[in-house]
Structures are given as C-alpha cells and as structure tokens.
Amino acid sequence: ARGKAKEILGAIAKGIRPGETQRRTEPSLTLQSAWERYRKAHLVRKNRSQNTIDNYENDLRLHLKDWLNMPLEQLGKLPKMVMKHHDFLTDNHGPAAANGAMRTLRAIYNHAAKSESGPSSGQPDARCRLEPDAASKCRNGPKRFEWLV
C-alpha cells in the first residue's frame, strides 16, 4: 500500500492526475461545438430572435475567436486567463463589449455543463465562479473563488 501511495504521489508531483487517463476516453467539447449545440438546442428551439443569435455569433467571432477550438474543460480550469481576457476586452473594446462576450461565454459554458458531455458536472456554473454575489444561489453551493488559488 505504501508503495502504491508513493507511486501516486510521484505522479501528482509530475503534474499527472492519477486515474484521469482512464476516465477521459471521448474528445473534449470545444467552445465551437458547444456553441453549435447551444444555438440549436436552446436559441432556435426557444425561438429566440435572429438578432439575439447574431449578437452571440458576433461575440464569438470578434472577441472569443482564439478560443473556439479550445476545450471547455480547459477554459474551466484556466479562470485567470478568462479574467485577463475580460480585462483586455474592457481596455480595448469597452466594458459593454467585454461584459457581453463574457455573458455569451457563460451561457454556452453553463448549457454544456448541464448536458451529459459538457465540462465536469461537479463544478459550479460560470456565474458561481465569476460573480461572488451570485455564489449563494448556485446549484453547487457557494464555492466562491477557491478554484482561483
């Protein structure tokens, strides 16, 4: 048992999560594929206006284009990168554009998280993780910012 524990600790020290390779067999859901699912399964099905859909597409095309091929799971694990991108958008395009892009990202991420093949279902939704005031109302409880550490 001690030998197995030392082996696991050694893997953790190297940055390998024990058991993760066995768990992950299907390809990760990217922001682009999550957007396509969100558009069909939510926006079109709920009969949202074409203007609303165009606004989402503009946010993705203009402000989130570098992340379209990034797995959502990776975005969920890199919240500091998301916050830095929000700061960049605020400085270069204004707070309205930055907030709109983050609302779009949050909507797509949360929709994917609620589906079966989205980011890990044990994590709180994006609003819980990005807005401390909303944490007490979130489905996975007030996790606040422990994931930033």
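The sections below set out a description of the structure shown in this document. The shown structure was predicted, so the numbers you read here are calculated from the model rather than taken from an experiment. (Residues numbered from 1 in each chain as written. Predicted model: local features only at pLDDT ≥ 70, side-chain atom pairs only at ≥ 80, totals over all residues. Heavy atoms only, no water.)

1. A closer look at the packing of aromatic side chains
Short version of the rule: Pairing of aromatic rings covers Phe, Tyr and Trp, the last through its six-membered ring, and needs centres within 6.5 Å; plane angles under 30 degrees mean stacked, over 60 mean edge-to-face, and all others mean tilted. Note on conventions: DSSP H or I runs of at least 4 residues are helices, E runs of at least 2 residues are strands, and numbering of each starts at the N terminus. Accessibility here uses a 1.4 Å probe with only protein chains present; expressed as a share of the type maximum, an area under 20% marks a residue as buried, one over 50% as exposed, and anything in between as partly exposed.
Under the definition given, this model contains 3 aromatic pairs. When the ring of Trp-35 is compared with that of Tyr-38, the centres are 6.3 Å apart and the planes differ by 45°; the resulting orientation is tilted. In this pair, Trp-35 and Tyr-38 both sit in helix α3 (residues 31-44), 3 residues apart, roughly one turn of the helix. Considered together, Trp-35 and Tyr-38 belong to a single accessibility category, that of buried residues. The interplanar angle of 15° and the centroid separation of 5.9 Å between the aromatic rings of Trp-35 and Tyr-56 together place this pair among those described as stacked. Taken together, the residues span a long stretch of sequence, with Trp-35 in helix α3 and Tyr-56 in helix α4 (residues 50-63) at a distance of 21 residues. As far as burial versus exposure is concerned, Trp-35 and Tyr-56 are alike and both buried. Among the aromatic residues, ring-to-ring pairing joins Trp-35, Tyr-38 and Tyr-56 into one connected group.

2. A word on the packing of α4 against helix α7 (residues 95-114)
For clarity, the threshold we go by: Between the N-to-C directions of two axes lies an angle of 0 to 180 degrees, each axis being a line fitted to C-alpha atoms and, for a helix, fitted only over the stretch in contact. Put simply, angles under 35 degrees are roughly parallel, angles over 145 are roughly antiparallel, angles from 65 to 115 are roughly perpendicular, and the rest are oblique. Note on contacts: a residue pair qualifies if any of its non-hydrogen atoms lie within 4.5 Å across the two residues. Residue polarity follows a fixed list, in which Ala, Val, Leu, Ile, Met, Phe, Trp, Tyr, Cys and Pro are nonpolar, Asp, Glu, Lys and Arg are charged, and the others, Gly among them, are polar.
Running from N to C, α4 and α7 point in directions that differ by 110°, and their axes come no closer than 9 Å. With respect to each other, α4 and α7 are oriented roughly perpendicular. For the pair formed by α4 and α7, the contact residues are Tyr-56, Asp-59, Leu-60 and His-63 on the first element and Ala-97, Gly-100, Ala-101, Thr-104, Ala-107 and Ile-108 on the second. In the contact of α4 with α7, the residues fall into 6 nonpolar, 3 polar and 1 charged.

3. Observations concerning a nonpolar patch on the surface
How we decide: A patch is a set of surface residues, each over 30% in relative accessible area and not in a salt bridge, joined within 9 Å for like charges and within 5 Å for the nonpolar side chains Val, Leu, Ile, Met, Phe, Trp and Tyr. Per-residue and other accessible areas were derived by the Shrake-Rupley procedure at a 1.4 Å probe size, with only the shown protein chains allowed to occlude residues. Whenever Lys or Arg places a side-chain nitrogen within 4 Å of a carboxyl oxygen from Asp or Glu, that contact is recorded as a salt bridge.
Taken together, Ile-8, Leu-9 and Ile-12 make up a surface patch of nonpolar side chains, about 270 Å² in accessible area. Secondary-structure assignment places Ile-8 in helix α1 (residues 2-13).

4. Remarks on the side chain of Thr-104
Mapped onto the elements of the fold, Thr-104 is located in helix α7. Of the residues examined, Thr-104 reaches a relative accessible area of 3% and is grouped as buried. When neighbours within four sequence positions are excluded, Thr-104 is seen to be in contact with Tyr-56, Asp-59 and Leu-60.

5. Describing helix α6 (residues 79-93)
Selection criterion: By this rule, a helix spans an expected 1.5 Å times one less than how many residues it contains.
Over its 15 residues, α6 runs 20 Å from end to end, which matches the ideal 21 Å to within 8%, given 1.5 Å per residue. Contacts from the buried residues of α6 go to α4, α5 (72-77) and α7. Positive phi shows up at Gly-94, right after α6, with a value of about 100°.

6. Side note on unusual backbone geometry
Glycine aside, negative phi is the norm for most residues, and most peptide bonds take the trans geometry. The backbone of Asn-47 sits at a positive phi, close to 60°, despite the residue not being glycine. When its relative accessible area of 68% is taken as the criterion, Asn-47 is described as exposed.

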